[in-house]
Amino acid sequence: MRKSFAGLAAAATVAACLLTAAPPASAAGCVTSQLRTGLLGPGETARKANSGCRDLNLTHTINTSSYNSDDYAGFYRDAFGYWTIGSRGYVHAYDGGHALNEIVLVSNLSTGREFSVASKRDGQDQVEITH
C-alpha cells in the first residue's frame, strides 16, 4: 500500500512540473500591436495577425489624461467596410498590464481584418492589443 502511495505521489510531482513548465496554449504565436485610441470611435488601426490568438485582447493600457482608467471598446471593419463595435461594447480597464484573455474586446476576429480601439472618456490613450 505504501509503495502505491509513493508511486502516485511521484507521478503527481512529475505531472505538476510538466504543467508549470509548459507555456499557456492560448499565448502561442500571438502578436501585439501598439495603438492610440479614438474618442468614442476608432483610432489608429492594425490588421488581425495570422496567429495562435483568435481574439483581440487588451493587454496594456495607458490613459493619457489625469484618470488612471477608462472604458475601451474594440472595433473592426465589417464585410461592407463599415466600422462595427465588438459585441462586448465598452469594458473598463485600469492603467497597466492585463493578462491574456482577461479583457477580450472582440472575439474570433478573422485574419487580415482591420481593427481599432476606442476610449470612452478621452481619445489618444495608448493601448497594446494582443492578437
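Here is a short report on the structure shown in this document. (Residues numbered from 1 in each chain as written. Predicted model: local features only at pLDDT ≥ 70, side-chain atom pairs only at ≥ 80, totals over all residues. Heavy atoms only, no water.)

### Re the overall build of the protein
Logical step 1: Helices and strands together make up the secondary structure of the protein, namely one helix and 11 strands.
Logical step 2: Order of helices (α) and strands (β) in the protein, N terminus to C terminus: α-β-β-β-β-β-β-β-β-β-β-β.
Logical step 3: Classification of the 131 residues of the protein by burial places 34% in the buried group.
Logical step 4: Carbon together with sulfur atoms contributes 58% to the accessible area of the protein, which is approximately 7,600 Å² in total. (Helix = DSSP H or I, 4+ residues; strand = E, 2+ residues; numbered from the N terminus. Buried < 20%, exposed > 50% of the residue type's maximum accessible area, 1.4 Å probe, protein only. Areas by Shrake-Rupley, 256 points an atom, 1.4 Å probe, with all protein chains shown as cover.)

### Regarding the side chain of H131
Logical step 1: Positionally, H131 belongs in the segment after β11 (126-130).
Logical step 2: Looking at H131, its side chain comes within polar contact range of the side chain of S33, at 2.8 Å.
Logical step 3: Residues within four places of H131 in sequence aside, it is in contact with C30, V31, T32, S33, R47, K48, A49, S51, C53, D55, L56 and F115. (Polar contact = N/O pair within 3.5 Å; in protein donor to acceptor, adjacent residues only side chain to side chain. Contact = heavy atoms within 4.5 Å.)

### Looking at the environment of L35
Logical step 1: Inspection of the secondary structure assignment puts L35 in strand β1 (residues 32-36).
Logical step 2: The spatial distance from the C-alpha of L35 to the C-alpha of V127 is 5.4 Å, given a sequence separation of 92 residues.
Logical step 3: Beyond its immediate chain neighbours, meaning those up to four positions away, L35 contacts E44, T45, A46, F115, S116, V117, D125, Q126, V127 and I129.

### Observations concerning the packing of aromatic side chains
Logical step 1: Tallied over the entire structure, the rule returns zero aromatic pairs.
Logical step 2: Across from the ring centre of Y67, 4.4 Å away, lies the NZ or CZ of R121, which sits over that ring. (Phe/Tyr/Trp six-rings, centres within 6.5 Å; stacked < 30°, edge-to-face > 60°. Lys NZ or Arg CZ within 6 Å of the ring centre and 35° of its normal.)

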